[in-house]
Amino acid sequence: MKKNKMDTQEYQFIKETVKKQPKENGSLLRRLLMIAGCGVLFGGCAAVTFASVFPVMADREENTQQKIELTGSDVAETISEEQATERESVASVSEKEEKSLLAMRQEMYREVLKVSQKSRKSLVNVRGISKDEDLLNNSYLQQEDTEGLVFLETETQFYILTYEEELENLQELQVTFADGSTVQGEICRGDADSGFAVATVRKNLLNDSTREGIVVSDLTDTKKLGQSDIVIAIGSPAGDSDAVVYGMITSVSEKLSVADTEYNVLATDVQGNEDGSGVLLDSDGNVAGMILKKNENDGDNIHAVSISQILPLVEHLANKETIRYIGIYGTEITQAQCRKLGIDQGLYVERTQEESPAMKAGIQCGDIISKIDGTPTESMQSYYTYLQTKKQGENLTITVLRKNSDGEYAEKDYKVTVGER
């Protein structure tokens, strides 16, 4: 019985144990149901909450994005301001430098005006009035304006270096001085080859004020100019009257070839034109050259003939003297060519003027003049100077080297009769 009782008790225990399990399962189910309910409730709340909060969050997100953009714009603006400040600083420096350069140029030009002031009082305007006839034989007047330079004063007259125009039919010459006074002038002589002339004005035609204001330029007070030397052009270098421009010498190797001589040409970087006229000054304000007119090789820049080289010509023109000539257009040959020919120096004949004494005597293009009256020729200038010592009708012995049929140079003498023009 005991055994059965025990079995029964164990069984009961087991039963109780088995019976307890369903209770636990029910509790778990309830718990699961509760959890599920809570989940559903939470999900619903979450859905409601998300539904209500999402627009706000979206709006905040948009605002946040917009804020980022604004922040980015602020940064950009900040950088832009910094760059702008830096650029303003650079621009300010550049502007200061530019102003400084402009100030320097302005100061330079003021100095140029100061240096040129004295010589500008030597300038005059020369107007030639000529009388011509048209196809119907009706007379009419032509006027030609150009620049002139007062270079000499005597007891009775002022002498003016100017440009040679068509003087054959000249009816009147009017000269206007720096103060605006205009009086009648007279032509001494002109030289068509060089294009220069000398005119005079009688002092008794001028009032005291005009006479006192005239400055006479000294043509003998000059210095030799070279490349890069500063020069000042006054007069009408580009066609405009009373102009002052400056620049520098770019070349001194060009030549102006005229009958029986040649002149050194001062090429500049100063803008001009074919009708330009006037005077070239050095950096001290002294006359250095006369501007060339209507020279085909000049281009747009001002070219001038060295004043020191035309002094002999100016002297002849001022004295109303005729110019001796034989009509040779030549140039000096180089030392290398002289060594090759076995001579010390020589002049190469480029051409002879038609119907000139040189052409009539038989001198030809390509000849090399080695001697004149037995004296070796040094330059075209020395040849010209010697020629001017002769009288019209005198004979010169000109020794030339000419190529023969064998291609060798042979020496030959020619007798040339001196003419005048």
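Residues numbered from 1 in each chain as written. Predicted model: local features only at pLDDT ≥ 70, side-chain atom pairs only at ≥ 80, totals over all residues. Heavy atoms only, no water.

Trainee: Could you give an account of the overall build of the chain, with specific residues and numbers?
Mentor: Broken down by element type, the chain carries six helices and 20 strands. Relative to its full complement of 421 residues, the chain shows a buried share of 35%. Partitioning the contacts of the chain with sequence separation of at least 6, the portion at a separation of at least 24 is 60%. In the structure as shown, the chain presents an accessible area of about 25,700 Å², 50% of it carried by carbon and sulfur atoms. (Helix = DSSP H or I, 4+ residues; strand = E, 2+ residues; numbered from the N terminus. Buried < 20%, exposed > 50% of the residue type's maximum accessible area, 1.4 Å probe, protein only. Contact = heavy atoms within 4.5 Å. Areas by Shrake-Rupley, 256 points an atom, 1.4 Å probe, with all protein chains shown as cover.)

Trainee: Break down helix α6 (residues 380-387) for me, with residues and values.
Mentor: Taken together, the buried positions of α6 are Met380, Gln381, Tyr383, Tyr384 and Leu387. Viewed along the axis of α6, the buried residues span an arc of 160 degrees, placing them on a single side of the element. (Arc of directions from axis to C-beta.)

Trainee: Would you mind going over the sheet that holds strand β12 (residues 301-306) in detail, with residue names and values included?
Mentor: One closed barrel accounts for six strands, arranged β7-β8-β9-β12-β11-β10; its pairing is antiparallel. Direction aside, neighbouring strands of the sheet carry axes that sit 45 degrees apart on average. Strand direction decides the pairing type here: strand β10 (residues 277-281) and strand β11 (residues 287-291), joined by three bridges, are antiparallel. For valine 279, the partnering residue across the bridge sits in β11 and is methionine 290. (Pairing = 2+ DSSP bridges. Axes fitted to C-alpha atoms, helices over the stretch in contact; angles between N-to-C directions.)

Trainee: Mind laying out the side chain of serine 217, listing which residues take part and the relevant values?
Mentor: Tracing the backbone through its elements, the reader meets serine 217 in the loop between α2 (208-213) and β7 (230-236). Judged by its relative accessible area of 6%, serine 217 falls in the buried class. A distance of 2.9 Å separates a polar atom in the side chain of serine 217 from a polar atom in the side chain of serine 122. Not counting residues up to four positions away in its chain, the partners in contact with serine 217 are Ser119, Ser122, Leu149, Val150, Phe151 and Val287. (Polar contact = N/O pair within 3.5 Å; in protein donor to acceptor, adjacent residues only side chain to side chain.)

Trainee: Which residues make up the pairing of strand β9 (residues 261-271), and what are the values?
Mentor: Most of β9 sits inside the fold, with eight of its eleven residues counted as buried. As paired strands, strand β8 (residues 243-258) and β9 are joined by seven bridges and run antiparallel to one another. Within β9, the position partnered with leucine 256 by the bridge is tyrosine 263. In this antiparallel pair of consecutive strands, β8 and β9, the connection spans two residues, and aspartate 260 shows a positive phi of 70 degrees. As paired strands, β9 and β12 are joined by four bridges and run antiparallel to one another.

Trainee: A description of a nonpolar patch on the surface should follow, citing residues and the corresponding values.
Mentor: Taken together, the side chains of Met108, Ile230 and Met248 present a nonpolar region at the surface, about 210 Å² in accessible area. Along the chain, isoleucine 230 turns up in strand β7. Judged by relative accessible area, which is 32%, isoleucine 230 ranks as partly exposed. (Patch = residues over 30% accessible without salt bridge, like charges linked within 9 Å, V, L, I, M, F, W, Y side chains within 5 Å. Salt bridge = Lys/Arg side-chain N within 4 Å of Asp/Glu carboxyl O.)

Trainee: Could you give me a rundown of the nonpolar core, with the residues and numbers involved?
Mentor: When a protein is soluble and globular, its nonpolar side chains tend to lie buried together. Among the nonpolar cores identified, the biggest contains 44 residues, and Phe151, Leu161, Phe196, Val198, Val279, Met290 and Ile310 are the most heavily contacted of them. The contact partners of valine 198, leaving out residues within four places of it in the chain, are Phe151, Tyr159, Ile160, Leu161, Glu186, Ile187, Cys188, Arg189, Val314, Leu317 and Ala318. (Core = buried A, V, L, I, M, F, W, Y, C linked by side-chain atoms within 4.5 Å.)

Trainee: How would you summarise the layout of surface pockets if you had to cite specific residues and measurements?
Mentor: Estimated volume of the second largest pocket: approximately 290 Å³. Of all the secondary-structure elements, those providing two or more residues to the lining of the second largest pocket are α1 (2-120) and β1 (123-133). Broken down by element, the residue count for the lining of the second largest pocket peaks at three residues, all from β1. Looking at side-chain class alone, the lining of the second largest pocket contains four nonpolar, five polar and four charged residues. (1 Å grid on protein atoms, 1.4 Å probe; cavity = no way out; pocket = protein on both sides within 12 Å on 5 of 7 lines; lining within 4 Å. Points joined across faces, edges and corners; volume = space filled by probe spheres on them. Nonpolar A, V, L, I, M, F, W, Y, C, P; charged D, E, K, R; others polar.)

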